[in-house]
Amino acid sequence: MTATHHETHDEPQAVFDATIERGDRIEPRDWMPEGYRKTLVRQIAQHAHSEIIGMQPEGGWITRAPSLRRKAILLAKVQDEAGHGLYLYSAAETLGVSRQELTELLLAGRQKYSSIFNYPTLSYADVGTIGWLVDGAAICNQVPLCRTSYGPYGRAMIRICKEESFHQRQGYELLSTMMRGTDEQRAMVQESVDRFWWPALMMFGPPDADSPNTAQSMAWGVKRNTNDDLRQRFVDMSVPQAEALGVTFPDPELRWNDERGHYDFGTPDWDEFMQVVQGNGPCNAQRIAHRRRAHDDGAWVREAALAFADKQAAAVGEGR
Amino acid sequence: MSELTAEGGHGAVPLKDVPADKGGATTQREWPLYEVFVRGKRGLNHVHVGSLHAADDEMAVRHARDVYTRRNEGVSIWVVRADAITASSPDEKDPLFAPSGDKVYRHPTFYDIPADVPHM
């Protein structure tokens, strides 16, 4: 970006570019390029939907948690996910879309959520594995987003990151407890980790070579790291955690590379990833059907609350 | 300032000429948007923390407690309908802020005081 380059633009574009260049935040009432706004709406909405849909895989285990302590923890965690969704929907609303519109787009299958939530939670160990690996991967993704160029998104991410740390630690602690239990419990943990490892790696999105939007998103400061960088960071973090836990990852190519100073690892099954993204994962239909049912079942509550508010307002009006 | 509204959340937003991706027919009237301010602890100001939807003022306070203070983040909550907020225009070069730009004498550093004068 040179001064000459700016002169060819309209003034608002130049102001926007200069703000990004300085590392300053863009705020809701600033002029922004249409592409920037659309990218943010898509990304924040997708993120919000992921938090909301993400309540389902673990929510099913609340009634089956093995102790009151675990039940209270899981309830708090799932409630946090709802809260994260709400922070993000309100960040998206600063861009001129409404939460209701975004919900309708999700229910119509026109907006996506993270592919990880289309995998089933088959055993209680999955609650721990999701906390450790899925929330761990989410943290890797989200920490750099605290510095994203769009102010409301960054502020939402700061709140979310503070809370995710509890999510990851409760998951790891749950698995540690099971690993100190019976052989059957240890096997249950290993089986769960085997199922979730590759889908967790896919959470960072396609390889950089196949991620056409990354360059523009990074130029705008919306994204701070490439998919492959974040994936590598996650692998490097996770391996020592797995060793401490006493589990292995299902990847024969996983080994330390002294030269690179990183772990080498195998290639996720990107065909499977594309299938899940396109709606053919194990639970896609179930997740959306459940979300739609919850939305429809709650309609009367939303209507009743509005009717009550209208009635109260009318009563105040008459009393004047 | 009349073209500004606060319906976008997280502070006032101009809706005029801001294109939005209208997903589909909106079938239901949406709960109004509220902006939420939380006093973190005694002695601090209320600070804007975000926004939420609620049918009325009382519900907005209850929702604000659940959404923004799950971990003792506050001792007091204010909520205000977003459309009740009046805001200055966003541009940093806005003439509204111009009067403070050329009054350097409002700042303590404007004044030269000998270095050996204490406590000033």
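Residues numbered from 1 in each chain as written. Chains lettered and ligands numbered in written order. Predicted model: local features only at pLDDT ≥ 70, side-chain atom pairs only at ≥ 80, totals over all residues. Heavy atoms only, no water.

Visitor: Help me understand the overall build of chain A, please; the structure alone is not making it clear to me.
Guide: Per the secondary structure count, chain A includes 14 helices and 2 strands. In summary, chain A has a C-alpha radius of gyration of 22 Å against a globular reference of 20 Å for 320 residues, a match within 12%. Principal-axis analysis of the C-alpha atoms places the extent of chain A at approximately 70 × 65 × 35 Å. Here chain A holds 320 residues, and 54% of them are scored as buried. Here the contacts in chain A between residues at least 6 apart in sequence split such that 76% fall between residues at least 24 apart. (Helix = DSSP H or I, 4+ residues; strand = E, 2+ residues; numbered from the N terminus. Rg over C-alpha atoms; globule rule 2.2 N^0.38 Å. Buried < 20%, exposed > 50% of the residue type's maximum accessible area, 1.4 Å probe, protein only. Contact = heavy atoms within 4.5 Å.)

Visitor: Where do I start with the confidence of the model for chain A in this structure?
Guide: Detailed reading of the predicted model is not advised wherever pLDDT is low. Residues and elements named next belong to chain A. Averaged over all residues, the pLDDT of chain A is 92; the fraction at 70 or higher stands at 96%. Within chain A, helix α1 (residues 3-7) has the poorest average pLDDT of any element, 42, and strand β2 (residues 262-264) the best, 98. Note that pLDDT drops below 50 for residues 1-9; the model gives that stretch 6 contacts with residues more than four away or on any other chain. (pLDDT = per-residue confidence, 0-100.)

Visitor: What am I meant to see in the packing of aromatic side chains here?
Guide: Working definition: an aromatic ring pair is given by the centre-to-centre distance plus the angle between the planes. If you walk through the whole model with that rule in mind, you get 14 aromatic pairs over all chains. Between F110 of chain B and Y111 of chain B the ring centres are 5.0 Å apart and the planes differ by 85°, which places this aromatic pair in the edge-to-face class. Residue F110 of chain B is classed as partly exposed on the basis of its relative accessible area, which comes to 43%. Within the aromatic cluster, the residues linked to one another by ring pairs are W132, Y172, W197, F204, F234 and F249 of chain A. Of note, R64 of chain A hangs over the ring of W61 of chain A, and the distance from its end group to the ring centre comes to 3.9 Å. Stacked on the ring of Y87 of chain A, the Lys or Arg R159 of chain A has its end atom at 5.0 Å from the ring centre. (Phe/Tyr/Trp six-rings, centres within 6.5 Å; stacked < 30°, edge-to-face > 60°. Lys NZ or Arg CZ within 6 Å of the ring centre and 35° of its normal.)

Visitor: Is there a simple way to explain the sheet that holds strand β4 (residues 46-53) of chain B in this structure?
Guide: Each strand in a sheet pairs with another by means of backbone hydrogen bonds, the pair being arranged parallel or else antiparallel. Residue and element names in this part refer to chain B. Pairing is antiparallel in the open sheet, where 3 strands are placed in the order β4-β3-β5. Looking along the sheet, the strands with just one partner apiece sit at the ends: β4 and β5 (76-81). Here the average twist between neighbouring strands, direction ignored, is 25°. Here strand β3 (residues 33-39) runs beside β4; their pairing, made up of 7 bridges, is antiparallel. In the strand pairing of β4, V36 is matched with G50. Strand contacts of helix α1 (residues 57-68): β3, β4 and β5, with the helix running at about 110° to β4, the strand carrying the most contacts. (Pairing = 2+ DSSP bridges. Axes fitted to C-alpha atoms, helices over the stretch in contact; angles between N-to-C directions.)

Visitor: Can you walk me through the pattern of salt bridges in this structure?
Guide: Side chains that carry opposite charge are capable of pairing whenever their charged atoms lie near each other. Scanning the entire structure with this criterion turns up 22 salt bridges over all chains. Here R81 of chain B makes a salt bridge to D83 of chain B, at a shortest N to O gap of 3.0 Å. Classification of R81 of chain B as partly exposed rests on a relative accessible area of 34%. By relative accessible area, D83 of chain B is classed as partly exposed at 44%. Among the charged side chains, a network of salt bridges with common partners joins E58, K77, E81 and D135 of chain A. (Salt bridge = Lys/Arg side-chain N within 4 Å of Asp/Glu carboxyl O.)

Visitor: It is not clear to me how the packing of helix α8 (residues 151-179) of chain A against helix α9 (residues 183-202) of chain A should be interpreted in this structure. Could you clarify?
Guide: A pair of packed helices is characterised by two quantities: the angle between their axes and the separation of those axes. Residue and element names in this part refer to chain A. Across the interface, α8 lies against α9 with an axial gap of 8 Å and an inter-helix angle of 140°. When the axis of α8 is compared with that of α9, the two are oblique. When α8 is examined against α9, the residues L175, M178 and M179 are found in contact with a partner set consisting of Q185, R186, M188 and V189. Across the contact of α8 with α9, the residue classes tally to 5 nonpolar, 1 polar and 1 charged. (Parallel < 35°, antiparallel > 145°, perpendicular 65-115°, else oblique. Nonpolar A, V, L, I, M, F, W, Y, C, P; charged D, E, K, R; others polar.)

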